[in-house]
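# What the coordinates show
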Amino acid sequence: MTIQTGKLTDPAVRAFVNAVNDGDQEAFLKILTTDATMADDGSDRDVSQWIDREIFSPRGHMDVVNQSNDGHDLVVNYRNDTWGEMRTRWHFDVTGDGHISRFETGQA
């Protein structure tokens, strides 16, 4: 069973998931700080290269299974055209003005 995106607790995380699922790279970039960082399976990655390769070019999609830590931690069934579907974990650092300064993902 998944959680409807509209029920995600944190507005920035909700906007992130909506942007991924809508394939809206412009909205995605607007929710990030200009100096946002990210990691995949514990290794820091270049944000723009990673999101192109893992989210937008292969049509990524997030089905949220669980949220915790005031909505800053998610367990997601993530799928894209490159890797298929996998269970992943996501963590988000959200600034006081409601932008994501860092996100981390990896196998759950």
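The paragraphs below set out a description of the structure included in this document. Here the structure is a predicted model, which is why all the values come from computation and not from measurement. (Residues numbered from 1 in each chain as written. Predicted model: local features only at pLDDT ≥ 70, side-chain atom pairs only at ≥ 80, totals over all residues. Heavy atoms only, no water.)

### Quick notes on the overall build of the protein chain
- Of the regular secondary structure elements, the protein chain holds three helices and six strands.
- Going from N to C terminus, the protein chain has its helices and strands arranged as α-α-β-β-α-β-β-β-β.
- For the protein chain, the C-alpha radius of gyration of 12 Å lies close to 13 Å, the compact-globule estimate for 108 residues.
- C-alpha atoms of the protein chain, sized along the principal axes, occupy 35 × 30 × 25 Å.
- Counting across all 108 residues of the protein chain, residues that qualify as buried make up 39%.
- Put simply, of all contacts in the protein chain between residues at least 6 apart along the chain, 45% involve residues at least 24 apart.
- Placing the 10 positive and 19 negative side-chain charges of the protein chain at their respective mean positions leaves the two points 5 Å apart. (Helix = DSSP H or I, 4+ residues; strand = E, 2+ residues; numbered from the N terminus. Rg over C-alpha atoms; globule rule 2.2 N^0.38 Å. Buried < 20%, exposed > 50% of the residue type's maximum accessible area, 1.4 Å probe, protein only. Contact = heavy atoms within 4.5 Å. Lys, Arg positive; Asp, Glu negative; His and termini not counted. Charge placed at Lys NZ, Arg CZ, Asp CG, Glu CD.)

### Quick notes on the packing of aromatic side chains
- Applying the stated rule across the entire model yields eleven aromatic pairs.
- Between Phe16 and Phe28, the ring centres sit 4.7 Å apart and the planes meet at 50 degrees, which makes this aromatic pair tilted. Of this pair, Phe16 sits in helix α1 (residues 11-22) while Phe28 is found in helix α2 (residues 25-31), placing the two residues twelve residues apart along the sequence. Taken as a pair, Phe16 and Phe28 share a single burial class, namely buried.
- Site record: aromatic cluster; members linked through ring pairs are Phe16, Phe28, Trp50, Phe56, Tyr78, Trp90, Phe92 and Phe103. (Phe/Tyr/Trp six-rings, centres within 6.5 Å; stacked < 30°, edge-to-face > 60°.)

### Thoughts on the layout of surface pockets
- In this structure, the largest pocket encloses a volume near 180 Å³.
- Contributing to the lining of the largest pocket are 13 residues, with Asp40, Trp50, Glu54, Met86 and Thr88 lying nearest its centre.
- For the lining of the largest pocket, the secondary structure elements donating two or more residues are α3 (47-56), β4 (73-80), β5 (84-94) and β6 (100-107).
- Partitioned by chemical class, the residues of the lining of the largest pocket number five nonpolar, five polar and three charged. (1 Å grid on protein atoms, 1.4 Å probe; cavity = no way out; pocket = protein on both sides within 12 Å on 5 of 7 lines; lining within 4 Å. Points joined across faces, edges and corners; volume = space filled by probe spheres on them. Nonpolar A, V, L, I, M, F, W, Y, C, P; charged D, E, K, R; others polar.)

### Quick word on the pattern of salt bridges
- Tallied over the full model, the rule gives six salt bridges.
- A salt bridge links Glu26 to Lys30; the shortest N-O distance between them is 3.4 Å. Of this pair, Glu26 and Lys30 both sit in helix α2, four residues apart, roughly one helical turn. An identical accessibility class is assigned to Glu26 and Lys30; each is exposed. (Salt bridge = Lys/Arg side-chain N within 4 Å of Asp/Glu carboxyl O.)

### So, α3
- Among the residues of α3, Val47, Trp50, Ile51, Glu54, Ile55 and Phe56 are the ones counted as buried. All buried residues of α3 lie within an arc of 145 degrees about the axis, which places them on one face of the element. (Arc of directions from axis to C-beta.)

### Some words on the pairing of β5
- Summarising the sheet, β4 and β5 pair through eight bridges and their orientation is antiparallel. Looking at β5, one finds that Val75 is bridged to Arg89.
- Here β4 hands over to β5 after three residues, the two strands then running antiparallel side by side.
- Examined bridge by bridge, β5 and β6 share seven bridges and lie antiparallel to one another. (Pairing = 2+ DSSP bridges.)

These figures come from the coordinates and say nothing about function on their own.
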